[in-house]
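# Breakdown of the fold
Given next are the chains, with one letter for each unit.
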Amino acid sequence: MSNFSTHQTAWCPGCGNFQILDSLKTALEELGKDPYEVLMVAGIGQAAKLPQYISANFFCGLHGRSLPAAVAAKMANEKLTVIVDTGDGDSYGEGGNHFIHNIRRNVDITHFVHDNQIYGLTKGQASPTSMEGMVTDVQVNGNANTPLNPVLLAIACGAGFVARAFSGRKEHLVSVMKEAIEYKGYAIVDILQPCVSFNKLNTFAYYNQRVYELGEGYDPYNKIAAMEKSMEFGEKIPIGILYKEDKADYHQKNPVLKAGVPLIDIERSPDVLKNIMQDFF
Amino acid sequence: MAAVLQKFLKDSGLYVFTTRDFMSRVRGGHNFTLIRFGAEQVLSHSDILDGIIAFDEDSLVLHSKSLKPDGFILCDSQWKDKDQRIIPLDLLGIAKELGNARTIGSIATGVILKLFDLEPVHIEDTLRKYIKKQYLEENRNALLRGYGLVGKRYSLPAGEPGERIIISGNQALAFGAIAGGIRFYSAYPMSPSTTILEYLSSKATEADIVVEQAEDEIAAINMAIGAAFAGAPAMTGTSGGGFCLKVEALGLSGMAEIPLVVADIQRPGPATGLPTRTEQSDLKFVISASHGEFPRLVIALRSHRDAFYQTARAFYLARKYQIPVIILSDQYLADSYASIEPYELDGVQPAQELEAVVEEGTYLRYRITEDGISPLLVPGKTKNFVTSDSDEHDERGWITESAEVRNQMMEKRLRKLIKLKEELQEPEFVGEDTYETLFLGWGSTYGPITEAVNRLNRETSGKYAALLFGDIYPLPEKLLKEKAPRAKRIINIEQNATGQLAELIREKTGIVCDDSLLKYDGRQMSSDEIISYTRKGVKL
Ligand SMILES: Cc1ncc(C[n+]2csc(CCOP(=O)(O)OP(=O)(O)O)c2C)c(N)n1
Ligand code: SF4
Ligand SMILES: [Mg+2]
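The paragraphs below set out a description of the structure included in this document. (Residues numbered from 1 in each chain as written. Chains lettered and ligands numbered in written order. Predicted model: local features only at pLDDT ≥ 70, side-chain atom pairs only at ≥ 80, totals over all residues. Heavy atoms only, no water.)

### So, the coordination of the magnesium ion (ligand 3)
Residue and element names in this part refer to chain A. Distances from the magnesium ion (ligand 3) to its protein donors, D88 (OD), N116 (OD1) and I118 (O), fall at 2.0 to 2.2 Å. Each donor residue of the magnesium ion (ligand 3) belongs to the same chain, with the gaps between them written as D-x27-N-x1-I. Here D88, found in helix α3 (residues 88-94), pairs with N116, found in the loop between β4 (110-115) and α5 (150-157); they are 28 residues apart in sequence, far enough to count as distant. Judged by its relative accessible area of 2%, D88 falls in the buried class. A relative accessible area of 7% means that N116 is categorised as buried. (Donors = N, O, S within 2.8 Å, 3.2 Å for Na, K, Ca; no water. Helix = DSSP H or I, 4+ residues; strand = E, 2+ residues; numbered from the N terminus. Buried < 20%, exposed > 50% of the residue type's maximum accessible area, 1.4 Å probe, protein only.)

Rendered as structure tokens:
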């Protein structure tokens with residue numbers, strides 16, 4: 001039995017979340033991670049239930065607020081492998097502000113977005129990535145808003161690792177996940193995930209026909225080319241690591257953390273209080 | 001200049017209390033500092049002035065009506081005809097002569113020290129603390145020059161000897177957090193809480209704290225919760241408007257049982273209100289903020305001593321009960337400085353002392369226990385999984401919708417209150433047991449009310465007393481129930497418009513106040529105002 005064995009899930013049969021969970025367990029095992037040092041973080045939604053189904057530490061917080069909690073946990077204890085698994089609504093809608101600013105913060109965590117282009121848990125309203133024209137019980141005349149392009153936005157905001165994947169291509173997904181987890185800094189993978197119950201537009205077949213893997217010839221270090229590639233979302237959808245850049249992460253720049261000792265393990269000098277009080281005399 | 005002067009005063013053995021009054025703008029407007037000092041402990045400001053140092057005409061015009069008839073005004077000699085109390089000195093001319101117009105403050109400092117017959121001690125040390133090296137020499141000269149310009153005018157009783165510290169309310173709060181073991185602070189700038197963020201940033205390396213300016217208050221509190229979950233004692237600070245944004249996550253701390261300290265440095269609301277002024281109007285808000293029901297503790301800071309000790313205690317209690325603890329301060333306390341006895345550092349219990357010991361493989365994060373407190377472990381430190389959930393959950397931390405488990409968990413969380421209530425601190429009783437009038441107050445009105453009670457008792461042979469609340473929610477009821485029935489008249493004194501403490505007391509104990517003195521113009525009430533109200537029954 002796997003180290004990261006599964007508990008019973010509350011997902012619909014046929015949902016793309018199963019493959020994402022399965023791929024994540026494989027990725028963590030292949031990387032030789034100790035489950036006790038893995039922290040899964042999520043907000044609220046169908047995707048956000050994933051941490052409940054994997055043997056690891058988990059923090060299931062508020063809708064939209066997974067990133068602040070995740071980056072702070074990493075700041076507190078850098079020995080934890082911190083992975084956020086949560087939905088597109090959670091990440092880009094309710095949590096949009098945190099998404100932008102945590103790219104800038106560049107804390108060494110991994111963010112897997114289950115992008116089903118819909119609000120699943122609340123039974124099928126448009127999400128920030130829903131296609132224009134999509135009809136739902138709320139968007140009765142079709143979604144009038146332009147869909148957000150999360151990978152383009154991430155690159156524009158300065159993310160150092162931006163990838164797209166598809167839940168239906170397990171082997172590829174596992175390899176992208178492994179690279180994302182290994183990346184030192186904030187890594188985002190937007191994972192296309194069919195929602196069989198509420199998204200009748202972006203189905204398994206829809207994605208399966210369109211996705212193609214970025215080949216050997218693709219250079220993920222070229223920012224302009226990466227931005228151009230990220231805009232391809234139509235008849236063809238590229239999957240793989242769109243953009244990569246080596247840059248200093250939060251811990252390397254923080255004066256307290258840069259020595260490499262987890263914050264919670266740093267012994268504070270016993271004289272600190274006495275010394276500080278001296279300032280006030 | 002105020003910082004330098006208050007340090008000289010303190011070092012001469014006097015007690016000092018300094019408040020700052022500024023407008024919500026970066027430059028200009030009328031800003032002033034009020035320094036009060038004396039041989040006995042000074043607990044608050046006063047509206048009656050002995051002297052005015054005016055660097056502009058506005059200060060002269062605005063404050064001269066509060067000046068005693070025999071008071072003095074120190075200002076530039078060009079305004080000397082405006083008021084006969086002016087000591088005509090060509091301050092600006094002298095400063096220019098000394099080579100820098102900005103030394104005018106040091107000249108005035110010298111003048112003040114001389115007027116009060118105080119020897120300037122440790123001049124170099126003091127100036128070095130506040131003035132850049134290249135300006136030290138000229139400011140020293142300016143100070144001595146000022147000292148020689150006038151004769152002595154007042155003679156104060158000698159101050160009590162003894163080394164004291166001088167500290168602002170927000171510094172004391174932040175220092176208390178360090179003593180309580182803070183390792184993580186996240187905040188979004190908002191007056192009057194920003195100086196906590198600044199102070200902790202300045203101490204981050206020395207005290208090993210990660211200080212993070214968040215993108216908004218929602219991020220700030222969720223970060224603090226994430227850090228605390230991972231084992232770092234954490235605090236987030238803000239003012240009322242920011243607290244509004246933190247409310248959902250406050251409930252997360254309650255539900256997921258993650259220790260958290262939240263500081264609300266109140267200012268007048270609603271909405272943006274009066275950003276740089278003071279009020280105590282968030283009490284009823286913070287005691288019920290967030291949907292659902294969960295245990296919390298609210299501590300109001302009464303003084304610069306409280307700010308240190310109670311913030312440290314907040315960390316300890318947050319960790320012990322795995323609850324959010326809210327610290328209520330306000331602009332008056334936050335921005336005012338007081339000279340007080342140094343803090344006793346040895347008695348402070350840091351939050352880290354409470355690590356649970358759990359046998360491997362048996363861990364249940366939310367184990368149902370008699371006192372409601374479940375063992376809290378740090379993830380990654382043992383071969384146990386640490387879980388946390390904002391959904392209702394079972395003992396393992398897994399989502400559940402079972403009615404039975406829901407009831408058990410709700411009751412477990414609320415049960416923590418039983419033990420917590422046993423260690424609540426009763427309000428401080430000031431005054432004489434022969435009281436007929438009992439004042440009720442909370443937080444930073446502690447100083448003005450205490451002073452008013454003491455002064456009134458000198459005139460009336462002990463007819464006044466007050467109960468001043470620090471721990472305020474859950475409301476400690478013991479002393480209140482003992483003292484209230486013996487009063488002829490109970491008056492709540494609060495810095496808000498609706499009498500929130502009186503309402504809380506009535507709700508919890510049935511005790512009704514006969515009268516209330518309420519102030520909500522953004523300016524702290526003084527003991528003078530309380531006395532005048534008590535005598536005449538009218539507000540000043
Ligand atoms: C503050 C708040 N607002 C709204 C909700 C209701 N809500 C829960 S999940 C969700 C959207 C879920 O969509 P997504 O993040 O894409 O996850 P999915 O279910 O599709 O996996 C919403 C609106 C909530 N729980 N909290
Ligand atoms: S509602 Fe959609 S996303 Fe949620 S489990 Fe069902 S198929 Fe998956
Ligand atoms: Mg979704």
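### Things to note about the site of ligand 2
All residues adjacent to ligand 2 are W11(A), C12(A), C15(A), N17(A), Q46(A), N116(A), Q193(A), C195(A), V196(A), S197(A) and F198(A). For the shell around ligand 2, a count of residues per class yields six nonpolar, five polar and no charged. (Near = heavy atom within 4 Å. Nonpolar A, V, L, I, M, F, W, Y, C, P; charged D, E, K, R; others polar.)

### Section: the sheet that holds strand β17 (residues 464-469) of chain B
Residue and element names in this part refer to chain B. Spatially, five strands are ordered β15-β17-β16-β19-β20 in an open sheet, and the strand pairing comes out mixed. Each edge of the open sheet carries a strand with a single partner, namely β15 (428-431) and β20 (515-518). Ignoring which end each strand starts from, the neighbouring axes of this sheet average 20° apart. Sheet topology places β15 next to β17; four bridges connect them, and they run antiparallel. For E428, the partnering residue across the bridge sits in β17 and is L468. Its contacts with the sheet place helix α18 (residues 527-536) against β16 (437-442), β17, β19 (489-494) and β20, and it is angled at close to 150° to β20. (Pairing = 2+ DSSP bridges. Axes fitted to C-alpha atoms, helices over the stretch in contact; angles between N-to-C directions. Contact = heavy atoms within 4.5 Å.)

### Quick notes on the layout of surface pockets
Residue and element names in this part refer to chain B. Roughly 820 Å³ of internal volume is contained in the second largest pocket. In this structure, the second largest pocket is lined by 34 residues; those nearest its centre are M255, S390, D391, E392 and I399. Put simply, the parts of the chain that give the lining of the second largest pocket at least two residues each are α10 (240-256) and α14 (403-422). The residue makeup of the lining of the second largest pocket, split by class, is 13 nonpolar, 13 polar and eight charged. There are two domains that each give the lining of the second largest pocket at least three residues, and those are domain 2 (166-340) and domain 3 (355-423). (1 Å grid on protein atoms, 1.4 Å probe; cavity = no way out; pocket = protein on both sides within 12 Å on 5 of 7 lines; lining within 4 Å. Points joined across faces, edges and corners; volume = space filled by probe spheres on them. Domains from an automatic or database assignment.)

### Comments concerning the nonpolar core
In this structure, F175(B), I178(B), L200(B), M235(B) and Y343(B) are the most contacted members of the largest nonpolar core, which totals 158 residues. Every residue in contact with I178(B), bar those within four places of it in the chain, is listed here: R268(A), V272(A), L273(A), I276(A), Y199(B), L200(B), K203(B), A207(B) and I209(B). (Core = buried A, V, L, I, M, F, W, Y, C linked by side-chain atoms within 4.5 Å.)

### Here's the deal with the sheet that holds strand β5 (residues 86-89) of chain B
Residues and elements named next belong to chain B. As summarised here, the arrangement of the three strands in space is β3-β4-β5, forming an open sheet in which the pairing is parallel. Looking at the sheet topology across the chains shown, the edges are occupied by β3 (49-54) and β5. Along the sheet, successive strands turn relative to each other by an average axial angle of 20°, direction set aside. When strand β4 (residues 67-76) meets β5, the two strands line up parallel, connected through four bridges. Each bridged residue has a counterpart across the sheet, and for I73 the counterpart in β5 is I86. Strands in contact with helix α4 (residues 104-115) are β3, β4 and β5; relative to β4, the strand with the most contacts, it is inclined by about 150°.

### Re the packing of aromatic side chains
Residues and elements named next belong to chain B. Under the criterion given, the structure shown has 24 aromatic pairs over all chains. Centroid distance F17 to Y332: 5.9 Å. Interplanar angle 35°. Geometry classified as tilted. Of this pair, F17 sits in strand β1 (residues 15-21) while Y332 sits in helix α13 (residues 331-335), and the two are 315 residues apart along the sequence. Since its relative accessible area comes to 4%, F17 is described here as buried. Overall, the relative accessible area of 7% leaves Y332 in the buried class. Relative to Y343, the ring of F308 has its centre 4.0 Å away and its plane inclined at 10°; by these criteria the two rings are stacked. (Phe/Tyr/Trp six-rings, centres within 6.5 Å; stacked < 30°, edge-to-face > 60°.)

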